[in-house]
Amino acid sequence: MGTIRNERYISLDEAAEYLNIKPVTLRSWIRNPKNEVPAHKIGKFWKFKYSEIDE
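Remember, predicted model here, so these are calculated numbers, not experimental data. (Residues numbered from 1 in each chain as written. Predicted model: local features only at pLDDT ≥ 70, side-chain atom pairs only at ≥ 80, totals over all residues. Heavy atoms only, no water.)

> Would you mind showing me how to read the overall build of the chain here?
If you tally the helices and strands in the chain, you get three helices and three strands. Traced from its N-terminal end to its C-terminal end, the chain shows the element sequence β-α-α-β-β-α. Within the chain, the proportion of its 55 residues that are buried is 18%. Sequence separation of at least 24 residues holds for 44% of the intrachain contacts in the chain that already meet a minimum separation of 6. Accessible surface computed for the chain: about 4,500 Å², of which carbon and sulfur atoms make up 50%. (Helix = DSSP H or I, 4+ residues; strand = E, 2+ residues; numbered from the N terminus. Buried < 20%, exposed > 50% of the residue type's maximum accessible area, 1.4 Å probe, protein only. Contact = heavy atoms within 4.5 Å. Areas by Shrake-Rupley, 256 points an atom, 1.4 Å probe, with all protein chains shown as cover.)

See below:
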């Protein structure tokens, strides 16, 4: 079983680094309706949770 991470929201750049991809790739995944990226729009920023990314 994996380690439980803090459930704070992380930025798009942090999520891209965690997934080992470029931020521009993650932005394109968010915009594509076929991909189900667990992203939350908070104000004008996209935010993510580690637990949702891991799923």
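> Before we go on, may I ask you to explain the environment of Ile21 in this structure?
With respect to the helices and strands, Ile21 occurs in the loop between helix H1 (12-19) and helix H2 (23-31). For Ile21, a relative accessible area of 23% gives the class partly exposed.

> I'm lost on the side chain of Lys49 in this one. Help?
Relative to the elements of secondary structure, Lys49 occurs in the loop between strand S3 (45-48) and helix H3 (50-54). Since its relative accessible area comes to 18%, Lys49 is described here as buried. Apart from the residues within four sequence positions on either side, Lys49 is in contact with Glu7, Arg8 and Tyr9.

> Sorry if this is basic, but what is going on with the packing of aromatic side chains here?
The relation between two aromatic rings is expressed through the spacing of the ring centres and the mutual angle of the planes. Overall, the coordinates contain one aromatic pair when judged by the stated rule. Ring geometry for Tyr18 against Tyr50: centres 4.8 Å apart, planes inclined by 75°, an arrangement best described as edge-to-face. Of this pair, Tyr18 sits in helix H1 while Tyr50 sits in helix H3, placing them 32 residues apart in sequence. (Phe/Tyr/Trp six-rings, centres within 6.5 Å; stacked < 30°, edge-to-face > 60°.)

> Would you mind showing me how to read H1 here?
Helical geometry note: an α-helix holds 3.6 residues per turn, so side chains three or four residues apart project in the same direction. Within H1, burial applies to Leu12, Ala15 and Ala16. One side of H1 carries all its buried residues, which in axial view fall inside an arc of 100°. Looking at the buried residues of H1, the elements they touch are strand S1 (10-11), H2, S3 and H3. Just past H1, the residue Asn20 takes up positive phi, approximately 60°. (Arc of directions from axis to C-beta.)

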